[in-house]
Amino acid sequence: MRNNRKSYIITGICLAIVLVLGFLLVKNIGLPEGRPLTTLSPRGNKSQAIQNLIIPVFAIAGVVFILVEIGLVFVATRFRRRPDEVDGKNEPVQLHGNTKLELGWTIAPALLLAVLAVFNVNTILQMDDATDPLEVTVIGQQWWWEYRYDLDNDGAPDIITATEAAIPVGRDVRFKIQSNDVIHSFWIPALSGKMDAVPGRTHQVVLQANEVGMFQGQCTEYCGLSHGKMRMQVKALTPEDYQVWLTAMTTSPAQPDPKNELAVQGQILFVAQCSYCHQIDGITPVSKAPYTYNTVSDPDYGKTVAITMASGNAPNLTHMMMRQHFVGGLLNLYQGDDSIPQAIPDGVPDTNNIKRWLRNPEEVKPMDPNNNQGMPNYNLSEAQIEQLTAFLITLK
Amino acid sequence: MSDTATLSPPEVAIPADGAQLASSTTPELLPTMPRRRELIFGTVFVTAGIAMGLLTLIGSYIATRDAAGNAWLVDNQIALTQPNMQMLTMVMSVVTMQWAVWSICRDDRYHTYLALGVTLLLGIAFVNQSTFLFKEAGISITQPEGPLFYAVTLSHLAMVIAGLIFIVLMAFRTFGGQYSSRQPDGISAAAVFWYAGVALYSVIWFAVYIQK
Amino acid sequence: MTIIEEQRPLELTTGLDPVAPEAPNPLGVFARPQANTGWRSWVNTVDHKKIGIMYGVASFFFLLVGGVEALLIRLQLSVPGSQLLSADLYNQVFTMHGVTMVFMVIMPMASAFANYLIPLQIGARDVSFPRMNALSLWVWLAGAIFFNSSWLLGGGANGGWFNYAPNAGVTFSPGTGIDFYAIGLLIMGIGSTVSAVNLTVTVLNMRAPGMTLMKMPVFTWMNFVVQVLLVFALPVITVALLLLTFDRMFGAAFFDASKGGDPFLWEHLFWIFGHPEVYIMVLPAFGMVSEIIPVFSRKPIFGYPFMVGSGIAIGFMGWGVWAHHMFASGMGQLSVLAFSLSTLFIAVPTGVKILNWMATMYGGRLKFTVPMLFSVGLVGMFTIGGLSGVTHAFAPADTQQTDTYYIVAHFHYVLFGGALLGMMGGLYFWWPKMFGHFLGERTGKWHFWLMLVGFNLTFGPMHILGLQGMMRRTYTYTSIQGFSTWNLVSTIGAFVIALSLLVFIGN
Ligand code: HEA
Ligand code: HEA
Ligand code: CUA
Ligand SMILES: [Cu+2]
């Protein structure tokens, strides 16, 4: 027809624009720099398997997308009504359908999808495979995560920590996921997909880190007020470093140096005010010498008194300073770069962050202590905050 | 064929004009052809909705029971005699209900009344049996099984009672001479609703009592 | 087909009758013994057209309400660490936004068209049970007002639109918002169920002689499928909401794990309803587009039987895919496998529709009026949302995507780019029929292009954000997470949409 040329040119230009834009976007979005949560830079074997499945799917979807949109633009420009056409005279062919063609575009996508389905099934089935996995129990509660390591498989946890888990590189890890209150979802994008933590059930995520790193995570099932700030980290250490970490974590922390008066004051204050919810092995009332975790039985561990909190649990602070982050990775415990994992952190403690938290926890993370959700603000005096901080930074 | 369908159905619509125009002057009286089966269709879909609701409850019951494992209803003894009798009652009521439909279609009013009466009797017996069962099983609302158990059984009971009311209403209308072989819809509609109630009871009978 | 149309003043199903849209309709609005003018005529009416218009007006009002809520969301997220809304308020706003848009905008807007057009399209005097129809409207409206009154009475619902247990229980959500949610939706659900029964019966029972099922316009067909879906889907959510209400008000423990209940139950019940619900929202728009495209292509719809068949197929298949919203819920590998496969293949019937619309346009003589623009826009935009839907269907991949903005992008492309664009087209298309004059073409075009650009600016970047790991339902983010740029773009886009809607209101 007359305007053939023009419509082809328009279609061509549109195509070029789409392709260029598409390329620019795709080129950039996957890069991990400055994007700690990106799903497109796998660092573990399971996340890699997912990537291998989805990239071809994205590509095919992209092709279908481009074909459909080009088709649409083409049809829309090519068959535009021209001003000189008159109703009743220049009418198009009154075509009612074409069964063969329609069957074709029913069957073709179905076949395409059937082929993709095979890879899909294959990936689904391999998601839970694990050989000799390290098992870590993960417990979600409003709005932080607890990790429990049962190293000797006696049913009682040997390490209890919060927010930051450590795993060895190159070994399968099976996270057994539970919840103490509402539904949460455990997600470390660089290592694997999500898994919901549902009260009364135990789910599992298997993953293996391919390289050393501090991997950021985020709770992704809406769990109330502070869902948006319920973050966590998994630090992947070399097997040697991991052993160092294990040893440190299973040794009882030293009592504060008696000469460090602030810290001693802080300890007294802590036992008086905070041990109602927080456990520090060997210091808070319920623990008895020798202060090893092995003596305490799950699941009552950590509940010192009849705790009123809806989740019945607050972070165990025994080895708090072994971590690089606290309150869900919202704040750093050490000054400087927090993205390089260390078995035993050796930086300068960032006391300002600890003080900030103690001064007004709800300013850092919205909580509802009146409804027994989260940590209350005790309106501590600055002197008390100094003492508590001095004590807390000894917990290594 | 598709052209007329998608763009303009007038050539098929026009014949309706006469009737429709006439109707605009005498609105309520339009017992002619097109209105005839509305009650029955309406009942069918309402019944479908109610059935979906009940099936949802039964599904919830089964899901929760499976999740609870062996602990389910261990403290309660539900002898099967009662549910079996209830099932039997329901099956018999299907026969009598069908009898009513059959009779009205043959303008046999006497038998219609009789059949409806017997159905009502059976329905009331069913309600009675249910209360007896509740007493005997002694499931408390505070135990974990309680709320769902009663949600399922009481909702169904409510449906049965609604069915009974439906039947009573239709029986009165039949007294009033509304239904005959020419227009048996009311009775049929009540029957549809009633059968659904029976069918749902059979599901409950199996899923709640037999499987336990 | 449309050529013949000029010779047929009785034209019923297209809005192409500019000359005398208000001319006495031979199949007529039936005059009831009631006021015909003034506000009383609206309150008392049982006329399906008036009821339809009232649904339309109310749903447009709620579009503004939900839209303002959306603007608040976007303002809050425009920059990292914004303090505009507190976490609690934000949670209320996105919940109310989602529920309002779904139950008070898209569904009633579809009802508006269905009520107005179905009786006309099948040659019926009115719906089967006109009084019940009025009842549905008022019950629904009461529910909607009740639900929104929570803003004034202690705060909106804050459980998310799918309101998972046990977070929705009183222990964790002691406020009254969720009670308003549960009871409000119950009331609206009753209204919609009654209306669905009514329209189903109308289609089955009230067709004019000769109007066989396979002659019904595609719009009526799609709505018929929708009403049947509603009859079966709404009871499920009704029961779930009742159980929730009992949990919250009377201390029952249907969903409370600590007392022997099962929190999974709610997830399943919600999505058994929820997935059919998404097709309930989009099929009416598909029906409208199937009416509009042929008219302005001056060709009959391509493959009517396939169009109808694929609609029915979507209706059936829609029941077998609900757990694709639960791929990361831990329901077990076997369930994941089954639902992943079933979800993949639901792309097939929808694809048929897309390609058939394009085939209808192919070789036609396209006139890009405003309704046509919106329809073509739907075809283009829905495809994007559909394709991202297919990428979710790959369950392992979905465990990376779920609950991120990638999902938010998906469902806005299908809901806004599908349902809402289609209905906007329908509004322009049938406006002359409803109100006796055309909407301005020029302003209409402004409306369309602004909306299209704004829409893509708002929701396009969300794909990227989601894949970069931005989770949904977060009231804030930090600058080190790398989400700032695209969030700002998205906020700007939202205001372009707002502008386009102002243009529409001006029109
Ligand atoms: C109008 C509503 C609507 C529609 C029509 C759809 C359509 C589809 N949806 Fe969507 N969906 C939603 C509304 C909708 N969705 C909403 C609201 C949510 C989120 C709820 C929440 O969590 O809040 C959601 C979430 C959602 C999820 C869960 C994501 C998650 O939370 O993890 C999934 C997973 O599979 C999914 C899949 C699909 C698929 C496969 C389709 C298919 O029907 C799409 C089919 C269409 C096409 C594929 C395009 C056209 C086809 C072709 C051009 C043919 C060729 C194509 C191929 C060969 C691939 N959707
Ligand atoms: C059909 C449904 C629909 C529609 C049309 C929209 C429209 C929009 N949506 Fe919404 N959305 C949902 C359904 C819909 N949404 C659902 C179901 C959810 C999930 C909720 C949940 O997670 O529970 C959601 C969630 C959701 C989120 C995620 C929130 C989160 O997870 O944290 C966001 C974020 O940007 C968003 C944005 C928008 C925007 C910017 C629009 C815009 O397109 C809005 C455009 C409209 C306007 C801009 C209004 C115009 C106003 C005026 C012109 C002013 C006039 C003024 C007066 C007269 C007072 N929506
Ligand atoms: Cu925990 Cu979201
Ligand atoms: Cu779905």
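*Asks:* What should I look at first to understand the sheet that holds strand β5 (residues 173–179) of chain A in this one?
*Replies:* Across a sheet, paired strands are connected by hydrogen bonds in the backbone, their directions being either parallel or antiparallel. Residues and elements named next belong to chain A. Ordered by their spatial adjacency, five strands build an open sheet running β3-β2-β1-β5-β8, and the pairing between neighbours is mixed. Of all strands in the sheet, those with a lone pairing partner are β3 (159–162) and β8 (203–207), marking the two edges. For this sheet, the mean angle separating the axes of adjacent strands, direction not counted, is 25 degrees. Pairing of strand β2 (residues 144–149) with β3 involves four bridges; the strand directions are antiparallel. Looking across to β3, one finds that arginine 148 is bridged to isoleucine 160.

*Asks:* Can you help me understand the site of ligand 1 in this one?
*Replies:* The full set close to ligand 1 counts 33 residues, and C:Trp161, C:Tyr279, C:Asp398, C:Thr402 and C:His410 are the nearest of them. Ligand 1 sits at a junction of chains, with neighbouring residues supplied by chains A and C. C:Thr402 has a polar side-chain atom sitting 2.7 Å from an oxygen atom of ligand 1. Take C:His410: an N or O atom from its side chain is 2.9 Å from a nitrogen atom of ligand 1. Here the shell around ligand 1 takes seven residues from helix α12 (residues 370–393) of chain C, the largest share from any one element. Per-class residue counts for the shell around ligand 1 are 21 nonpolar, ten polar and two charged.

*Asks:* Could you clarify how one ought to interpret the coordination of the iron atom of ligand 2 in this entry?
*Replies:* Each angle at a metal carrying four tetrahedral donors should ideally be 109.5 degrees, and each at a metal carrying six octahedral donors should ideally be 90 or 180 degrees. All names here are of chain C. With distances of 2.0 Å, the protein atoms coordinating the iron atom of ligand 2 are His97 (NE2) and His412 (NE2). Because the angles between the six donor atoms bound to the iron atom of ligand 2 fall within 85 to 178 degrees, the donor set is best described as octahedral. In this pair, histidine 97 is assigned in helix α4 (residues 87–121) and histidine 412 in helix α14 (residues 405–435), connecting sequence segments 315 residues apart. Accessibility classification places histidine 97 together with histidine 412 in one group, the buried group.

*Asks:* Looking at this structure, I do not really get the packing of helix α15 (residues 441–467) of chain C against helix α16 (residues 484–506) of chain C. What am I missing?
*Replies:* For any two helices packed against each other, one specifies the inter-axial angle together with the distance between the axes. All names here are of chain C. Between α15 and α16, the least distance of the axes is 8 Å, while the angle of their chain directions is 160 degrees. Compared by their axis directions, α15 and α16 come out roughly antiparallel. Between α15 and α16 the crossing geometry is left-handed. Along the lines of polarity and charge, the residues of the contact of α15 with α16 split into 19 nonpolar, eight polar and no charged.

Thresholds, definitions, all that
Residues numbered from 1 in each chain as written. Chains lettered and ligands numbered in written order. Predicted model: local features only at pLDDT ≥ 70, side-chain atom pairs only at ≥ 80, totals over all residues. Heavy atoms only, no water. Pairing = 2+ DSSP bridges. Helix = DSSP H or I, 4+ residues; strand = E, 2+ residues; numbered from the N terminus. Axes fitted to C-alpha atoms, helices over the stretch in contact; angles between N-to-C directions. Near = heavy atom within 4 Å. Polar contact = N/O pair within 3.5 Å; in protein donor to acceptor, adjacent residues only side chain to side chain. Nonpolar A, V, L, I, M, F, W, Y, C, P; charged D, E, K, R; others polar. Donors = N, O, S within 2.8 Å, 3.2 Å for Na, K, Ca; no water. Tetrahedral: all angles 85-135°; square planar, octahedral: opposite > 155°, others 65-115°. Buried < 20%, exposed > 50% of the residue type's maximum accessible area, 1.4 Å probe, protein only. Parallel < 35°, antiparallel > 145°, perpendicular 65-115°, else oblique. Left-handed = near helix turned anticlockwise from the far one by under 90°.

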